[in-house]
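A structural walkthrough
As a plain string of letters, each chain reads:
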Amino acid sequence: MSTHDLASIAKAMVAPGRGILAADESTGTIEKRFKGIGVECTEEIRRAYRDMLFTTRGLGEFISGVILYDETLRQKSADGTAFSDLLAKDDILPGIKVDAGAKDMALCPEEKITEGLDGLAKRCAEYVKLGAKFAKWRAVITIGRDIPSAACIAANAHALARYAAICQGAGLVPIVEPEVLMDGGHSIDRCEEVTECTLRETFAALASQRVVLEHMVLKPSMVISGKDCAKQAGVQEVAVRTLQTLRRTVPAAVPGIAFLSGGQSDQLATAHLDAMNKIGGAPWALSFSYGRALQQPALKSWKGSAGNVPAAQRALHHRARMNGLASLGQYRADLEKELGRAA
Ligand code: 13P
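The following paragraphs examine the structure supplied in this document. (Residues numbered from 1 in each chain as written. Predicted model: local features only at pLDDT ≥ 70, side-chain atom pairs only at ≥ 80, totals over all residues. Heavy atoms only, no water.)

**Thoughts on the pairing of strand β10 (residues 285–290)**
Counting buried residues in β10 gives five out of six residues, a clear majority hidden from the surface. Across four bridges, strand β9 (residues 256–259) lies against β10 in parallel orientation. The residue of β10 that forms the bridge with Phe-259 is Phe-288. Crossover handedness for the path β9 to helix α10 (residues 266–279) to β10: right-handed. (Buried < 20%, exposed > 50% of the residue type's maximum accessible area, 1.4 Å probe, protein only. Helix = DSSP H or I, 4+ residues; strand = E, 2+ residues; numbered from the N terminus. Pairing = 2+ DSSP bridges. Right-handed = clockwise from strand over helix to strand, strands pointing away.)

**Some remarks on the site of the ligand**
Within the structure, the ligand sits among 13 residues, and Lys-136, Lys-219, Ser-261, Gly-262 and Arg-292 are positioned closest to it. With respect to the ligand, the backbone of Gly-291 contributes an N or O atom lying 2.8 Å from an oxygen atom. The set of elements that each furnish at least two residues to the shell around the ligand consists of β6 (134–141) and β10. (Near = heavy atom within 4 Å. Polar contact = N/O pair within 3.5 Å; in protein donor to acceptor, adjacent residues only side chain to side chain.)

**Looking at the sheet that holds strand β3 (residues 93–97)**
The eight strands lie next to each other as β1-β2-β3-β6-β7-β8-β9-β10, forming a closed barrel whose pairing is parallel. The sheet contact formed by β3 and β6 spans three bridges and is parallel. Each bridged residue has a counterpart across the sheet, and for Ile-96 the counterpart in β6 is Ala-135. Its contacts with the sheet place helix α8 (residues 188–208) against β6, β7 (173–180) and β8 (217–218), and it is angled at close to 150 degrees to β7. The sheet strands contacting α10 are β9 and β10, and the helix crosses β10 at an angle near 170 degrees. (Contact = heavy atoms within 4.5 Å. Axes fitted to C-alpha atoms, helices over the stretch in contact; angles between N-to-C directions.)

**Concerning the packing of helix α11 (residues 292–302) against helix α12 (residues 309–326)**
Packing of α11 against α12 brings their axes to within 8 Å, and their N-to-C directions diverge by 165 degrees. Classified by the interaxial angle, the pair formed by α11 and α12 is roughly antiparallel. As α11 runs across α12, the sense of the crossing is right-handed. On α12, the residues touching Ala-293, Leu-294, Pro-297, Ala-298, Ser-301 and Trp-302 of α11 are Val-309, Ala-311, Ala-312, Ala-315, Leu-316, Arg-319, Ala-320 and Asn-323. Broken down by class, the residue content of the contact of α11 with α12 amounts to eleven nonpolar, two polar and one charged. (Parallel < 35°, antiparallel > 145°, perpendicular 65-115°, else oblique. Left-handed = near helix turned anticlockwise from the far one by under 90°. Nonpolar A, V, L, I, M, F, W, Y, C, P; charged D, E, K, R; others polar.)

So this is what it looks like as structure tokens:
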């Protein structure tokens, strides 16, 4: 793959009006989600669920790429088409989660380090053969009493940068995801401080590992109040402070920023993205790479039953459409009902 291809893939991932569907839950995580709707977690049911998502008609209008899990990249739709081919037919780029999960970090109590660098170049080469165009690696930064530690931020930044370099070497666009968790009672000020420090370290590490900024997409969390904080910042404040933090830390050469939803409600995640795009003037495209905020309503409608597939697909299509509008700064809360009914 030429470097020109990596640049155009990165741009396509954050094209105006489109964003990414994160459907790369590991088996353990999707099991938790299925438990929430009382559905058993077998390989076939996981396949059927992803089949429901990916065969949603018109998804490609709002979705530029889908992040898959290893198992899913090897699975097929009910008619025998490989998921990667099915998505490609709808002009959706198939991507792959390549990290091996966030594990307890030695000597850093309550903190996580993401594993998966060993053998990564070889796995990336196989994923390219299977049709993947981009990859994802998630680092987790926890806010708490005396944490995050400098050791945790540095180790995760280094791992993200090594991962990104390996992906670019193998012909995959890396999504670089340093997630500052919203769990906890911390203020938005504290979230801003930790996010700024994390992004600064991440971009320093990316530079030292020679990662080409034009060939990557950043997937950060938003600057937001901790989930249990008594004072919850409003939509405009989240938008202003997130943009301010990103402007301080993310070089303009990065083509796009695709946020994670991190446990925000689906409509709030849309409203925050929209508010940032309404402010406008950012040097990078501002888009979404949502997991829960795109899938939750569909998962609830589906409940594991084939008869519910059309309703679940309508729910997914609607959220994708709302976020597509938010990526253009054209979302309005009243469209939720109006277009939701029509969907
Ligand atoms: P959420 O949007 O549910 O946070 O998931 C995005 C993701 O891919 C996390 O790695």
